[in-house]
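Given next are the chains, with one letter for each unit.
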Amino acid sequence: MSENQRVDPSSAPKRDWTVRHSDADEFARAGRVFGQALLIPDDIDTMLERMRPLHDALGYERLLVAVDEAEGGEEVIGTTNHFPFELTMPGGRVPVAGVTGVGVWPTHRRQGVLSALMRRQLADIHAEGVRYAALWASEGSIYERFGYGNACTELSTDISRPHSALRADAPRDRDLRVVLREPERVRTDLERVHEAVSAAQVGQFRRTGPWWDRALDDRPHRRGDKGPLVAAVVGNAEGPLGYALYRTKAKWDEGGAQGEVHVQEITATAPAAWTALFEHLFSRDLVAKVVFDFLPADCPLHHLLPDRGRAVATHHPSLWVRLVDLAGALSERPYAAPFEGVLAVTDRYAPWNAGRWRIKADTEGARVELTEAEPDLSLDVHHLGAAHLGQTPLTGFLRAGLITEHTPGTVARLDAALHRFDAPFCGVIF
Ligand SMILES: CC(=O)SCCNC(=O)CCNC(=O)[C@H](O)C(C)(C)COP(=O)(O)OP(=O)(O)OC[C@H]1O[C@@H](n2cnc3c(N)ncnc32)[C@H](O)[C@@H]1OP(=O)(O)O
């Protein structure tokens with residue numbers, strides 16, 4: 001039996017299928033699988049029309065499919081893809097594979113199709129020389145086995161009036177001006193602010209033209225029951241310092257206007273610019289509630305509210321990070337404190353990472369070498385992926401009994417070295 005074939009534990013007949021690269025011509029067949037697996041309500045042509053511009057711009061050469069040849073022809077029964085990102089990691093912007101479009105045809109689930117796709121995809125990413133993969137998971141129980149760890153938590157937050165008034169001592173700058181425009185008219189300003197923020201914010205990828213087209217896409221499926229996308233840009237004589245992209249929703253009841261503002265994204269490079277944007281959003285007439293879809297866990301908003309308990313915040317897992325080349329990834333990352341120790345790492349899907357690694361790290365980076373020495377700590381590659389952005393301490397896994405410390409204190413020392421004071425943030429589901 002080949003690696004790609006597994007016996008179906010149910011009584012269904014055994015199937016023959018293989019994994020291979022695909023192309024633009026086959027994208028519709030892969031999309032059909034993805035759409036059905038993800039329960040996407042649109043018909044296939046509508047869904048593809050939405051997806052094509054981004055994929056046309058970024059290419060189809062990374063698209064993988066699993067094909068079933070048992071039914072007198074080739075049927076696509078599984079798919080995955082990845083986008084080439086420049087994503088900000090603790091060591092700065094680096095190439096990262098943004099894994100996307102994962103789905104298996106419902107009648108072929110639990111027969112090892114995804115496992116074979118993941119194995120092939122990781123080998124491809126490794127061969128490209130890319131050291132990391134990242135994804136947003138539909139379900140948190142899927143990707144750990146493939147070496148991904150949840151490395152980032154983000155917030156969605158609702159604030160109702162009157163609790164949205166900011167503190168009296170929030171920084172305010174009379175020289176700042178907020179303008180409200182159709183986003184395409186101020187696209188250059190948006191790009192300039194995003195480029196400055198994303199270069200420094202761990203978890204963000206450089207937003208190239210096709211990604212801006214997607215972010216500013218204002219077709220009916222993006223609007224839903226809300227109004228057109230607008231951009232509030234704050235700046236001074238020297239240029240833009242922040243923006244918010246948002247839509248409004250009219251609502252009325254017996255109590256009068258209950259309108260809503262839905263903020264797709266908000267970012268700024270200076271404290272007073274954050275204040276100006278929040279006060280613009282919170283002062284819109286006829287509005288009872290402002291909803292932020294994505295905020296970083298350390299967003300200034302929560303400090304600027306007099307009673308942060310009035311902001312209804314939901315924490316949700318966002319980026320899952322996979323160290324595809326463990327030694328490369330750990331060596332190019334700066335550390336908050338020196339660390340020296342031996343890690344015994346398991347990795348089922350990228351066996352080149354498995355083994356005992358001696359790590360000697362300091363603020364500049366680390367020397368990472370294979371060793372025969374006794375380990376100080378045993379863990380899986382997904383634990384290191386989770387910890388890599390500095391927000392998920394390994395101590396939690398130790399307390400849960402999921403990793404094994406052989407030398408007391410190793411986990412505390414490694415956590416201190418991996419720690420970052422700023423929260424990672426991606427903000428865009430890809
Ligand atoms: C980045 C993104 O695109 S996220 C989108 C992911 N796609 C979806 O959620 C679409 C709906 N789901 C599906 O299409 C499929 O069920 C998939 C892709 C999640 C899994 O595909 P399958 O081919 O069934 O996975 P496969 O048979 O290789 O299973 C591998 C292992 O993962 C486990 N597994 C698979 N899916 C899940 C799940 N949803 N929850 C928990 N465990 C799972 C299997 O039990 C199996 O475990 P084992 O190794 O211990 O035996």
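The model shown is predicted, which means the values in this text are computed figures rather than measured ones. (Residues numbered from 1 in each chain as written. Predicted model: local features only at pLDDT ≥ 70, side-chain atom pairs only at ≥ 80, totals over all residues. Heavy atoms only, no water.)

**Brief notes about the site of the ligand**
Threshold: Nearness here has a simple test: a residue counts as near a molecule or strand if at least one of its heavy atoms is within 4 Å of that partner. Here a polar contact is taken to be a pair of N or O atoms separated by no more than 3.5 Å, where protein atoms must pair a possible hydrogen donor with a possible acceptor and residues adjacent in sequence count only if both atoms sit in side chains. Each accessible area is a Shrake-Rupley result for a 1.4 Å probe, and residues are judged covered by the shown protein chains and nothing else. The way it works is that DSSP assigns letters per residue, a run of H or I at least four long becomes a helix, a run of E at least two long becomes a strand, and they are numbered from the N terminus.
Every one of the 24 residues lining the ligand counts as a neighbour, but Arg 110, Gly 112, Ser 115, Ser 138 and Glu 139 are closest to it. One of the side-chain nitrogen or oxygen atoms of Ser 138 is found 2.6 Å away from an oxygen atom of the ligand. Contact with the protein chains hides 81% of the accessible area of the ligand, taken as 970 Å² for the molecule alone. Ranked by the residues each element gives to the shell around the ligand, the list is headed by strand S4 (residues 92–104), at six residues.

**Remarks on the domain arrangement of the chain**
Using the following cut-off: An automatic or database domain assignment supplies the start and end points of every domain. Pairs of residues are marked as contacts when any of their non-hydrogen atoms sit within 4.5 Å. Here the quantity called buried area is the total loss of accessible area, with a 1.4 Å probe, experienced by two parts when brought into contact, counted for both. We count a salt bridge whenever a side-chain nitrogen from Lys or Arg sits within 4 Å of a carboxyl oxygen from Asp or Glu.
Each domain of the chain was delimited in the assignment, giving domain 1 (17–130), domain 2 (154–317) and domain 3 (326–418). Computed over C-alpha atoms only, the centres of domain 1 and domain 2 are separated by 32 Å. Of the residues lining the interface, 13 residues belong to domain 1; the matching set on domain 2 comes to 15 residues. Interface of domain 1 and domain 2: buried area, both sides summed, is about 1,200 Å²; carbon and sulfur atoms make up 60% of it. Counting the surface domain 1 buries against domain 2, the share from its top three residues, Leu 54, Thr 88 and Arg 93, is 45%. Inspection of the region where domain 1 meets domain 2 yields three salt bridges. One salt bridge in this structure joins Arg 93 and Glu 195, with 2.9 Å as the shortest N-O distance. Taken together, the links from domain 1 to domain 2 amount to six residue pairs in polar contact (both at pLDDT 80 or more). For the side of domain 1 that touches domain 2, the leading source of residues is strand S3 (residues 75–89), giving six residues.

**Thoughts on the packing of aromatic side chains**
How we decide: Only centres within 6.5 Å qualify two rings of Phe, Tyr or Trp (six-membered ring in Trp) as a pair; their planes then separate them into stacked at under 30 degrees, edge-to-face at over 60, and tilted for everything else. Throughout, exposure labels follow a simple rule: accessible area from a 1.4 Å probe, protein chains only, divided by the maximum for the residue type, with under 20% read as buried, over 50% as exposed, and the rest as partly exposed. Lysine NZ or arginine CZ positioned within 6 Å of the ring centre and within 35 degrees of the ring normal marks a charge as sitting over the ring.
Within the structure shown, the criterion is met by 17 aromatic pairs. Ring geometry for Phe 85 versus Phe 430: centroids 4.9 Å apart, planes at 75 degrees, classification edge-to-face. On the criterion of sequence distance, the pair formed by Phe 85 in strand S3 and Phe 430 in the segment after helix H12 (410–418) is long-range, its members being 345 residues apart. Residues Phe 85 and Phe 430 agree in their burial class; the two are buried. By way of ring pairs, the aromatic residues Phe 83, Phe 85, Phe 205, Trp 211 and Phe 430 are connected into one cluster. A cation sits over an aromatic face here: Arg 32 above Trp 105, 4.1 Å from the ring centre. Taking the ring centre of Tyr 335 as reference, the NZ or CZ of Arg 333 above it sits at 5.3 Å.

**A word on the sheet that holds strand S7 (residues 153–160)**
Within a sheet, adjacent strands bond to each other through the backbone by hydrogen bonds, running parallel or antiparallel. For clarity, the cut-off: Note on pairing: two strands pair once DSSP finds at least 2 bridges between them. Axes here mean lines fitted to C-alpha atoms, for a helix over just the part in contact, with angles spanning 0 to 180 degrees between N-to-C directions.
Strand order in this open sheet of seven strands is S8-S9-S10-S13-S14-S7-S15, and the pairing throughout is mixed. Each edge of the open sheet is held by one strand with a lone partner, namely strand S8 (177–181) and strand S15 (312–317). When the angles between neighbouring strand axes are averaged without regard to direction, this sheet yields 20 degrees. In terms of strand pairing, S8 meets strand S9 (residues 230–236) through five bridges, oriented antiparallel. Looking at S9, one finds that Arg 181 is bridged to Ala 231.

**Topic: unusual backbone geometry**
For the peptide bond that leads from Arg 161 to Pro 162, omega is 10 degrees, which places it in the cis range. Non-glycine residue Leu 39 carries a positive phi angle of around 60 degrees. For Leu 39, the location among the structural elements is in the loop between helix H1 (27–37) and helix H2 (44–58). Leu 39 sits in the exposed class, given a relative accessible area of 71%. If you check the backbone angles, Arg 110 has positive phi at about 55 degrees while not being a glycine. Considering the arrangement of structural elements, one finds Arg 110 in the loop between S4 and helix H3 (113–127).

**Side note on the UniProt feature "active site" (unreviewed entry) in the chain**
Put simply, the rule reads: UniProt positions are given in the numbering used here, feature names are shortened, and annotations may be inferred rather than shown by experiment.
Per the UniProt record, the feature "active site" (unreviewed entry) sits at Tyr 143 and Phe 430. Positionally, Tyr 143 belongs in the loop between strand S5 (132–136) and strand S6 (149–150). Judged by its relative accessible area of 6%, Tyr 143 is buried. Discounting residues that sit within four places of it in the chain, Tyr 143 has contacts with Val 102, Met 118, Leu 135, Ala 137, Tyr 148 and Trp 320.

**A few points about the packing of H1 against H2**
Definition in use: Rotating anticlockwise by less than a right angle from the far helix to the near helix defines a left-handed crossing, while the corresponding clockwise rotation defines a right-handed one. Lys, Arg, Asp and Glu make up the charged group, whereas Ala, Val, Leu, Ile, Met, Phe, Trp, Tyr, Cys and Pro make up the nonpolar group; the residues left over, Gly among them, are polar.
Running from N to C, H1 and H2 cross one another at 115 degrees; their axes reach a closest spacing of 10 Å. Viewed along their axes, H1 and H2 form a crossing whose handedness is right-handed. Contact residues: H1 offers Phe 27, Ala 28, Gly 31, Arg 32, Phe 34 and Gly 35, while H2 offers Ile 44, Met 47, Leu 48, Met 51, Arg 52 and His 55. For the contact of H1 with H2, the class distribution of residues is seven nonpolar, three polar and two charged.

**Digging into the environment of Arg 310**
Mapped onto the elements, Arg 310 comes out in the loop between helix H8 (301–304) and S15. For Arg 310, a relative accessible area of 44% translates into the label partly exposed. Residues Arg 310 and Ser 164, spaced 146 residues apart in sequence, show a C-alpha to C-alpha distance of 8.4 Å. Among the polar contacts listed, one links the side chain of Arg 310 to the side chain of His 163, at a separation of 3.5 Å.

**So, H2**
Quick note on the threshold: Take the residue count of a helix, subtract one, and multiply by 1.5 Å to get its expected span. The bend reported for a residue corresponds to the angle between axes fitted to the seven residues ending at that residue and the seven starting there.
Here H2 is 15 residues long and its end C-alpha atoms lie 21 Å apart, about the 21 Å a rise of 1.5 Å per residue gives. When the local axis directions of H2 are compared, the greatest deviation, roughly 45 degrees, occurs at Arg 52, which is followed within four positions by the proline Pro 53. Along H2, the residues that are buried comprise Met 47, Leu 48, Met 51, Leu 54, His 55 and Leu 58. Buried residues along H2 sit against H1, S3 and helix H5 (209–215). Where H2 begins, the capping side chain belongs to Asp 43, and its oxygen is found 3.2 Å from the backbone nitrogen of Asp 45.

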